[in-house]
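Residue strings, one per chain:
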Amino acid sequence: MDHTSPGHSASLGLDGITSGMSNTIPAIQGFSNALGELSVVVQGKMLGFDAPVQEIFDSADVVSLKESVWDVALFVFYTPLGKGTNFAVMAPLLLTIFLQVSLTCVVVLFIKSADEEPPDLIDQFTRWRASASPDMISAVCYEDWSFATSFRQQQAFDTYSTYTENVFGQQYGLHSAGPTTCFLVCITWTLTVLKVLGGVMDKALGVYHLTHMKSTDMELQAFETERSSGVRILTIPPKRAAWFFCIALGEVAIGFLLLIAGIQWLVATEGISDLLLNSVALGYIMDLDELIYCVLTPTKCCTMLQVMEPLPMHWPIIVPVRNLVLTFVGIPSVAVALFLINRELNDLIVLIETLCPYEL
């Protein structure tokens, strides 16, 4: 049996390692080059600087008409639908406008104004405290429900104490339970309205790109391929585009009214559970157009809307115009909500001090 010397064995091992390293270095260099090429692709073409990639982005930058009364308005008085269908489309549109505007006015003029503002109660509660007995004041401040009178004061103290309750300490602030919940609900409501406004912007831009100044009638084309089939809009005449822009402007106006009225209503709501219920009610008002669409829109229009090909938007890729516009609307709305919440909190603190100053 041959015996290999330790030195020879070490030499073979070293040669093997050297050989392996020499084979690995080109592989690492090749992998590095591949990463470099991938970096070029991601940093260049994927951001829209390359024409083919820009074309891919444009083909995907589309918006579908939503199953909503507002979107069906694009086909109002479209001759191929027939007179009966055209008049049947106008009824849901008018009903949507009437209901959303009416409910917005109800929120602003009746519901919000019906609630007593904390500053209006300060004088009344001051007179009550001056005339009430010590036992009655103690019952209100310590939430003793066995007394048969002063329910209004006791209920107010219980509601406002819960609203201003702070689980992190004794001092009141925007981090208390009520203001925090109200702020979160206001943000959610603002995002809900901004989603609708963003959809209106998308559809208005899509209609704009399909508008041809020389066109007199809206042209639709039925198509069928191996992968899909449906109807696409080829051209939209200026008059119909102007009509749709007016409808879109009305939807935006109602959205802004609901945004302002909703924030005021939510800020004036002192009950934490009522905050969540009121936000759901506001969402219900916002979704009325879809509800009426499902109930009253003619089947012919519903079917055409379902098979309609999406409209091209062509938003700029480099500059996020859409996001900037929505942010420009959203940030001031949230800032105003925060200001109103802080003012409401200060009024409630004064009211609690008026009722039970030694409870602070």
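Numbering of residues starts from 1 in each chain and follows the order in which that chain's sequence is written. Totals for whole chains, interfaces and linings use all residues, but because this is a predicted model, local features are given only for residues with pLDDT of at least 70 and pairs of side-chain atoms are given and counted only at 80 or more. Water and hydrogen atoms play no part in the side-chain values, which are based on all heavy atoms of the structure.

Looking now at the packing of helix H8 (residues 177-210) against helix H13 (residues 321-355). Geometry is summarised by axes, namely lines fitted to C-alpha atoms with helices restricted to the contacting stretch, and by angles between N-to-C directions that run from 0 to 180 degrees. A helix here means a DSSP run of H or I that spans at least four residues, while a strand means a run of E at least two residues long, and both kinds are numbered starting from the N terminus. Taken N-terminus to C-terminus, the directions of H8 and H13 make an angle of 155°; their axes are 9 Å apart at the nearest point. Here H8 lies roughly antiparallel to H13, going by the angle between them. Seen along the crossing, H8 lies across H13 with a hand that is right-handed. Two secondary-structure elements touch here, H8 through Pro179, Cys182, Phe183, Cys186, Ile187, Thr190, Leu194, Leu197, Gly198, Gly199, Met201 and Asp202 and H13 through Arg322, Val325, Leu326, Val329, Gly330, Ser333, Val334, Ala337, Leu338, Ile341 and Leu345. Under the scheme applied here, ten amino acids are nonpolar (Ala, Val, Leu, Ile, Met, Phe, Trp, Tyr, Cys and Pro), four are charged (Asp, Glu, Lys and Arg), and all others, including Gly, are polar. Taken together, the residues that form the contact of H8 with H13 break down as 16 nonpolar, five polar and two charged. For this classification, under 35 degrees means roughly parallel, over 145 means roughly antiparallel, 65 to 115 means roughly perpendicular, and everything else is oblique. We call a crossing left-handed when the near helix sits turned anticlockwise from the far one by less than a right angle, and right-handed when that turn is clockwise. Note on contacts: a residue pair qualifies if any of its non-hydrogen atoms lie within 4.5 Å across the two residues.

Attention now moves to unusual backbone geometry. With a phi close to 60°, Phe77 is a non-glycine residue in the positive phi region. Tracing the backbone through its elements, the reader meets Phe77 in the loop between helix H3 (69-72) and helix H4 (83-114). Throughout, exposure labels follow a simple rule: accessible area from a 1.4 Å probe, protein chains only, divided by the maximum for the residue type, with under 20% read as buried, over 50% as exposed, and the rest as partly exposed. A residue is classified by how much of its surface remains accessible, and Phe77, at 47% relative accessible area, is partly exposed. The phi angle at His314 is positive, at roughly 60°, despite the residue not being glycine. For His314, the position within the fold is in the loop between strand S4 (311-312) and H13. Among the residues examined, His314 registers a relative accessible area of 35% and is labelled partly exposed.

Within soluble globular proteins, side chains that are nonpolar tend to cluster in buried spots. By nonpolar core is meant a set of buried Ala, Val, Leu, Ile, Met, Phe, Trp, Tyr and Cys residues that side-chain atoms within 4.5 Å join together. Formed by 77 residues in total, the largest nonpolar core has its most connected members in Leu74, Phe75, Trp189, Ile233 and Ile236. In contact with Leu74, not counting residues within four places along its chain, are Leu65, Val207, Met218, Ile233, Ile236, Arg240 and Phe244.

This next bit is on the packing of H8 against helix H10 (residues 272-286). Direction vectors running N to C along H8 and H10 enclose 10°, while the axes themselves pass 10 Å from each other. Taken together, the axes of H8 and H10 lie roughly parallel to each other. Between H8 and H10, the residues in contact are Ala177, Gly178, Thr181, Cys182, Val185, Trp189, Val193 and Val196 and Ile272, Leu275, Leu276, Ser279, Leu282, Gly283 and Met286, respectively. Of the residues belonging to the contact of H8 with H10, the class tally is eleven nonpolar, four polar and no charged.

This part is about a nonpolar patch on the surface. Where nonpolar side chains cluster on the molecular surface, the patch consists of Leu95, Phe98, Tyr284, Leu291, Val295 and Leu296 and spans about 600 Å² of accessible area. Only H4 and helix H11 (288-296) provide two or more residues apiece to the nonpolar patch. Here the element with the most residues in the nonpolar patch is H11; it accounts for three residues. One can find Phe98 in helix H4. Candidate patch residues must exceed 30% relative accessible area and have no salt bridge, after which like charges are joined if within 9 Å and Val, Leu, Ile, Met, Phe, Trp or Tyr side chains if within 5 Å. Each accessible area is a Shrake-Rupley result for a 1.4 Å probe, and residues are judged covered by the shown protein chains and nothing else. A pairing counts as a salt bridge when a side-chain nitrogen of Lys or Arg comes within 4 Å of a carboxyl oxygen of Asp or Glu.

With that settled, the discussion passes to the UniProt feature "transmembrane region" (unreviewed entry) in the chain. This chain's UniProt record puts "transmembrane region" (unreviewed entry) on residues 87-111, 242-267 and 317-341. As annotated, residues 242-267 comprises 100% helix and 0% strand, and the C-alpha atoms at either end are separated by 37 Å. When the span residues 317-341 is considered, its composition is 84% helix and 0% strand, and the gap between its end C-alpha atoms is 37 Å. UniProt positions are given in the numbering used here, feature names are shortened, and annotations may be inferred rather than shown by experiment.

Right, let's talk about the environment of Leu296 for a bit. With respect to the secondary-structure elements, Leu296 resides in helix H11. Judged by its relative accessible area of 41%, Leu296 is partly exposed. Separated by 227 residues in the primary sequence, Leu296 and Val69 have C-alpha atoms spaced 9.2 Å apart. Setting aside anything within four residues of it in sequence, one finds Leu296 in contact with Ala88, Pro92 and Leu95.

For H11, the full list of buried residues reads Leu288, Asp289, Ile292 and Tyr293. Viewed along the axis of H11, the buried residues span an arc of 140°, placing them on a single side of the element. Exposed side of H11, more than 90 degrees from the buried face: Cys294 and Val295 are the residues found there. Regarding the arc, it is the one traced by the directions from the helix axis to the C-beta atoms.

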